[in-house]
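Fold and contact review
So you can see what is in the structure, the chains are spelled out below.
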Amino acid sequence: EGLTHLGLPCFPLVFVPGQEFKLCGHNLREEINEMIHAWMTDEKELFFQCLADIKMACENPLLTDEDMQYIDKKEDWKKTTDPDGRVVYARRTAGDPPADDDDDDEVIDIAPSGERLPLASAG
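Summarised in this report is the structure supplied together with it. (Residues numbered from 1 in each chain as written. Predicted model: local features only at pLDDT ≥ 70, side-chain atom pairs only at ≥ 80, totals over all residues. Heavy atoms only, no water.)

1. Quick look at unusual backbone geometry
Convention followed: Helix and strand definitions here come from DSSP, where helices need a minimum of 4 consecutive H or I residues and strands a minimum of 2 consecutive E residues; each element is numbered from the N-terminal end. Burial classes: relative accessible area under 20% of the type maximum marks a residue as buried, over 50% as exposed, and values in between as partly exposed (1.4 Å probe, protein chains only).
Cis rather than trans, the peptide bond between Phe11 and Pro12 has omega equal to -15°. Relative to the helices and strands, Pro12 is located in the loop between helix H1 (2-5) and strand S1 (13-16). Residue Cys24 is not a glycine yet carries a positive backbone phi of 55°. Note that Cys24 resides in the loop between strand S2 (20-23) and strand S3 (26-27). A relative accessible area of 2% places Cys24 in the buried class. Positive phi outside glycine occurs at Asp42, with the angle close to 60°.

2. Side note on the sheet that holds strand S6 (residues 87-91)
Put simply, the rule reads: Between any two strands, pairing holds if DSSP finds at least two bridges.
Sheet architecture is open: three strands sit in the order S4-S6-S5, paired in antiparallel fashion. Whereas interior strands pair on both sides, the edge strands pair on one side only; in this sheet they are strand S4 (62-63) and strand S5 (77-81).

3. Here we look at the side chain of Lys22
To keep things clear, this is the line we draw: We call two residues in contact whenever any of their non-hydrogen atoms come within 4.5 Å of each other.
With respect to the helices, strands and loops of the structure, Lys22 is situated in strand S2. Every residue in contact with Lys22, bar those within four places of it in the chain, is listed here: Pro12, Leu13, Val14, Asn27, Asp82, Asp84 and Arg86.

4. Here we look at the nonpolar core
Note the following rule: What is meant by a nonpolar core is a set of buried Ala, Val, Leu, Ile, Met, Phe, Trp, Tyr and Cys residues, joined one to another through side-chain atoms within 4.5 Å.
If you look at the biggest cluster of nonpolar residues, it comprises 14 residues, and the most contacted ones within it are Leu8, Leu23, Leu28, Ile32, Met35, Ile54 and Cys58. Mapped onto this core, the elements with two or more residues apiece are S2, helix H2 (29-40) and helix H3 (44-58). Ile54 has contacts with Leu8, Leu28, Glu31, Ile32 and Met35, leaving out every residue within four places of it along the chain. The next biggest cluster of nonpolar side chains, apart from the first, holds five residues, and it includes Leu63, Met68, Ile71 and Tyr89.

Next up, the structure:
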């Protein structure tokens, strides 16, 4: 609930007290601790800078296979690895190659006899 009050997402979240705080696939334990410390020492400017940095990291989530079960448009995501070398999924960006859209409707230019058919001319 506290994350949403700060304007942060709460999924996916992995939290092990004293060990791990992963939000949107990013290990943000140190950043969260720094933000809490800034609040407790009344360093409001540092607090808001930490919060902005955390929000920026959460804008580019890294999802696991399990997280991907909850995503409707899987073609908007690409497989990659996180800093620990684990396979994760990140949102596609404008520079990424298009998602592989192989389907059963593909036209094959081979006759039933196995003979290759000539390419159709555009016209």
